Amino acid sequence: MKRFLAVLFLLALCLTLTACGHFVSIMPGDTALDAEPTMAPPDSVETFRERPLMEFLSWQSFASRYYNDTPVAVSVRTPEMGYASPLFDRESIIAMCDALRAMTVTGRAPEGSAVGRETVYTFTMEDGETRSVTFDNGCLVTSVGVYTVSGMEAVYAVPFPGYNGEYDIFDLYFDSSVRAFADGFYQNVPVSVGRRSNGGATLTSKDQAVVSQVFELLRCATINHVEESPDQNIDLTQTTDYEFTLADNTYYTFTFTGPCLTITASEDYGPVYYWLNGVDELPNITILPESTVPTFAGGFITGMREDIAQAQAAANGQLPGIGVEGVYVDYNIQGQHGYLTLSGNTAVSFVQKVTSISADSAVTTPIGEDITVFVTLSDQSGPIIVFTGDTVQQMVGTNHQCDANAMADLRNTILELSKDERNISAMVENATS
């Protein structure tokens, strides 16, 4: 009888610990995890308790720290627009957090309240973590059900680029200096505007009419949409920079990747690609008239372009903290088309050889096989140097005659390096087979 009562007591104790609420471990050494559950347990219709949205979503920790640990971005994606548009300024991000914190989940929504047109707000934290909240037809949509809410007005009041007309392209940088540049443009007109393609030479115009024409196209542009799949829908290798330089040498650069204005307002979030209306004429503006005589009068090709001179300085160890990261060569030589990848001391020596070639008179129609040298410096800059026959390109449409002996030496060096690279590849392949 005593044994039966003891068993009955232990059984009652277990039921007491597990019947209601969450399981409570009584094993020694257990500690509670300091993590937020993804969703609060659902309430039945009869027992539903109104509570703040942050509590309902189990975002209490987030709610308590977003003033000090503010997300780097908040974005919205609506079914009407079909793309996510981000905000990066702290004031707007805090306003959105405040709006959500002020909302209340009031009950379970009637059947059919969600109509399949979801609007999603997503917060991105500094470590890349994201958290999202979804609304549909004024209701909160969660993994455990659809709920009625109050306080949506404050959420709708936060404007987003491309969804509201309050943003021009200068606002997209979320940088007060860019905003000041645009607002004060005609009080402090830049002395020049330049255009640079794929990191090459910058064509520059000091014509005030051209400077204003480029600015006006940017000023009047409107956002069409934000590209959500840039690797699929735009050519990420094609970049164009428009650079305005002020009298004090301050400059402002606006970069397009393919047809999209590209802005990195937060390194943690990454680049955002904006399709714009009203900028189709930008590529057609003549920055440097065709009749302009190139300023390069002869000498080493480092005197022809600033980016080539910088590559030589890096190869010679004259730029503290910046060296040659690597060299990629695409060549057509003696009917052979090939590719060459160089690194280390070989890349440094190759850059020294290339930048020591001399050139003189301009040639309008270069003839011969092509050699394209892509130099990457450790700061991720570097020139693209294009040779055609015995000429080198200064800018699009302008080539200069190079020293024939130096060019012959360059071609021989490329062929020898290519032979060595093929031999090393063959040795590696044989060793692994």
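Below is a short write-up of the structure. (Residues numbered from 1 in each chain as written. Predicted model: local features only at pLDDT ≥ 70, side-chain atom pairs only at ≥ 80, totals over all residues. Heavy atoms only, no water.)

**A word on the pairing of strand β2 (residues 73-77)**
Burial of β2 is extensive: four of the five residues sit out of reach of the surface. Of the pairings in the sheet, the one linking β2 to strand β5 (residues 118-124) comprises five bridges and is antiparallel in character. The residue of β5 that forms the bridge with valine 76 is tyrosine 121. (Buried < 20%, exposed > 50% of the residue type's maximum accessible area, 1.4 Å probe, protein only. Helix = DSSP H or I, 4+ residues; strand = E, 2+ residues; numbered from the N terminus. Pairing = 2+ DSSP bridges.)

**Quick notes on helix α10 (residues 344-355)**
Taking 1.5 Å of rise per residue, 12 residues should cover 16 Å, and α10 covers 17 Å from first to last C-alpha, within 8% of that figure. Those residues of α10 lying buried are Ala347, Phe350, Val351, Val354 and Thr355. Down the axis of α10, the buried side of the element spans an arc of 120°, and every buried residue falls inside it. (Expected span 1.5 Å × (residues − 1). Arc of directions from axis to C-beta.)

**Brief notes about the packing of aromatic side chains**
In this structure the tally under the stated criterion is 31 aromatic pairs. A centroid spacing of 4.6 Å and a plane angle of 65° characterise the contact between phenylalanine 56 and tyrosine 147, whose relative ring orientation is edge-to-face. Highlighted residues: phenylalanine 56 in helix α2 (residues 53-56) and tyrosine 147 in strand β8 (residues 145-150), separated in sequence by 91 residues. A residue is classified by how much of its surface remains accessible, and tyrosine 147, at 0% relative accessible area, is buried. Ring plane angle 55° and centroid distance 5.5 Å describe the contact between phenylalanine 62 and phenylalanine 123, whose orientation is recorded as tilted. Here phenylalanine 123 lies in strand β5 and phenylalanine 62 lies in helix α3 (residues 60-65), a separation of 61 residues in the sequence. Each member of the pair phenylalanine 62 and phenylalanine 123 is classed as buried. Taken together, the aromatic side chains of Phe170, Tyr173, Phe181, Phe185, Tyr186, Phe215, Phe244, Tyr252 and Phe254 make up a single cluster linked through ring pairs. The ring of phenylalanine 48 carries the charged tip of arginine 51 above its face, separated from the ring centre by 5.6 Å. Lying over the aromatic face of tryptophan 59, arginine 131 brings its terminal NZ or CZ to 5.2 Å of the ring centre. (Phe/Tyr/Trp six-rings, centres within 6.5 Å; stacked < 30°, edge-to-face > 60°. Lys NZ or Arg CZ within 6 Å of the ring centre and 35° of its normal.)

**Focus: the sheet that holds strand β16 (residues 299-300)**
If you walk across this open sheet you meet the eight strands as β16-β19-β23-β22-β21-β20-β17-β18, and the pairing is antiparallel. Both outer strands of the open sheet, β16 and β18 (336-342), are each paired with one neighbouring strand and no more. Alignment of strand β17 (residues 324-333) against β18, held across seven bridges, turns out to be antiparallel. The residue bridging aspartate 330 from the neighbouring strand is tyrosine 339, located in β18. Most of the contacts of helix α9 (residues 306-315) go to strand β20 (residues 370-377), to which it runs at about 60°, and overall it touches β17, β20 and β21 (384-388). Against the sheet, α10 touches β16, β17, β18, β20 and β21, its axis set at about 60° to β17. (Contact = heavy atoms within 4.5 Å. Axes fitted to C-alpha atoms, helices over the stretch in contact; angles between N-to-C directions.)

**What about the nonpolar core?**
Leu100, Leu140, Phe244, Phe254 and Leu261 are the most contacted members of the largest nonpolar core, which totals 73 residues. Counting 33 residues, the second largest nonpolar core, distinct from the first, contains Leu340, Phe350, Leu377 and Ile414. (Core = buried A, V, L, I, M, F, W, Y, C linked by side-chain atoms within 4.5 Å.)

**Brief notes about a negative patch on the surface**
A surface patch of negative charge is lined by Glu126, Asp127, Glu267 and Asp268. Tracing the backbone shows aspartate 127 in the loop between β5 and β6 (130-136). (Patch = residues over 30% accessible without salt bridge, like charges linked within 9 Å, V, L, I, M, F, W, Y side chains within 5 Å. Areas by Shrake-Rupley, 256 points an atom, 1.4 Å probe, with all protein chains shown as cover. Salt bridge = Lys/Arg side-chain N within 4 Å of Asp/Glu carboxyl O. Lys, Arg positive; Asp, Glu negative; His and termini not counted. Charge placed at Lys NZ, Arg CZ, Asp CG, Glu CD.)

**Considering unusual backbone geometry**
Positive phi, normally seen in glycine, also occurs at asparagine 137, with a value near 60°. Looking at the element boundaries, asparagine 137 is found in the loop between β6 and β7 (139-142). By relative accessible area, asparagine 137 is classed as exposed at 54%. The phi torsion at asparagine 198 lies on the positive side, around 55°, for a residue other than glycine.

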